[in-house]
Amino acid sequence: GAVVSQHPSRVICKSGTSVKIECRSLDFQATTMFWYRQFPKQSLMLMATSNEGSKATYEQGVEKDKFLINHASLTLSTLTVTSAHPEDSSFYICSASVPNEQFFGPGTRLTVL
Amino acid sequence: AQSVTQPDIHITVSEGASLELRCNYSYGATPYLFWYVQSPGQGLQLLLKYFSGDTLVQGIKGFEAEFKRSQSSFNLRKPSVHWSDAAEYFCAGGGTGTASKLTFGTGTRLQVTL
């Protein structure tokens, strides 16, 4: 149980395009999901907290107009990287939260050319 | 500010040797503490967690961790390392509840030599 999926696992796009990443909790419901960004050989940095039915809460320094988060249901949150640029290339990981624990997705590797 | 520190960036051990990965936390109160493992290009897998009670916590894959309040530490141990344990290990701390954020340490990369 407690499986979280992410789609796509890997995406390559051209600079200026938008990319949507989906995060799904497959066998449980999560009112809260988190989005992290991980640069090579570095730790996870929390980008935003996604709450079902309400606006996401962004961490300091994260551009909310660039990283659009939608949490439309208790099992799905999406992260859209708008007008992507090469500096947005990274590994994006989501997690779905239950009381006192987070379950992590397998991550999405975004490469912007 | 809340923080989690992993002093060792990279550790190399021989297969069969014992392992200890260090983690120190700085929180106003005792946080919930977690150890995760990440293989290259993969997400995070929970090894074990500490909320309260017994300070020695058993996890998956033969790992254990000991919470020491006096040292603000939550070190991860394994008595005999296998080559498949080579990965990145993250210590994390958080509060209670579903919306509690996790603060991650910088990670320790474990290399296992045969």
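Not measured: the values here are computed from a predicted model.

Calculation rules
Residues numbered from 1 in each chain as written. Chains lettered and ligands numbered in written order. Predicted model: local features only at pLDDT ≥ 70, side-chain atom pairs only at ≥ 80, totals over all residues. Heavy atoms only, no water. Helix = DSSP H or I, 4+ residues; strand = E, 2+ residues; numbered from the N terminus. Buried < 20%, exposed > 50% of the residue type's maximum accessible area, 1.4 Å probe, protein only. Contact = heavy atoms within 4.5 Å. Polar contact = N/O pair within 3.5 Å; in protein donor to acceptor, adjacent residues only side chain to side chain. Phe/Tyr/Trp six-rings, centres within 6.5 Å; stacked < 30°, edge-to-face > 60°. Buried area = accessible area lost by both parts, 1.4 Å probe. Salt bridge = Lys/Arg side-chain N within 4 Å of Asp/Glu carboxyl O. Core = buried A, V, L, I, M, F, W, Y, C linked by side-chain atoms within 4.5 Å.

All names here are of chain B. Structurally, Gln-111 is set in strand S12 (residues 108-113). On the basis of relative accessible area, Gln-111 is assigned to the partly exposed category, the value being 37%. Sequence spacing of Gln-111 and Phe-34 is 77 residues, and the spatial spacing of their C-alpha atoms is 21 Å. Gln-111 has contacts with His-10, Ile-11, Thr-12 and Val-13, leaving out every residue within four places of it along the chain. In terms of polar contacts, Gln-111 uses its side chain to reach the side chain of His-10, at 3.3 Å.

Using the criterion set out here, one finds 16 aromatic pairs over all chains in the structure. Judged by centre distance (5.1 Å) and plane angle (80°), the rings of A:Phe104 and B:Tyr36 are edge-to-face. Highlighted residues: A:Phe104 in strand S10 (residues 101-104) and B:Tyr36 in strand S5 (residues 32-38), drawn from two different chains. For A:Phe104, a relative accessible area of 9% corresponds to the buried category. By the ring-pair criterion, three or more aromatic residues cluster together here, those being A:Phe34, A:Tyr36, A:Phe104, B:Tyr32, B:Phe34, B:Tyr36, B:Phe51, B:Phe90 and B:Phe104.

Residue-level contacts link 22 residues of chain A with 22 residues of chain B. Summed over both sides, the interface of chain A with chain B buries roughly 1700 Å², with 52% coming from carbon and sulfur. If you look at where chain A meets chain B, you find two salt bridges. Note that B:Lys101 and A:Glu59 form a salt bridge whose closest N and O atoms lie 2.8 Å from each other. On the surface where chain A and chain B come into contact, there are six residue pairs in polar contact (both at pLDDT 80 or more). Of all the secondary structure elements, the ones that give two or more residues to the side of chain A that touches chain B are strand S4 (32-38), strand S5 (44-51), strand S9 (90-98) and S10 of chain A.

A word on the nonpolar core. One finds B:Trp35, B:Leu48, B:Phe74, B:Leu76 and B:Tyr89 to be the most contacted residues of the largest nonpolar core, which totals 26 residues. Where this core is concerned, the elements lending two or more residues are strand S2 (10-14), strand S3 (19-21), S5, strand S6 (44-50), strand S8 (64-68), strand S9 (73-78), strand S10 (87-94) and S12 of chain B.

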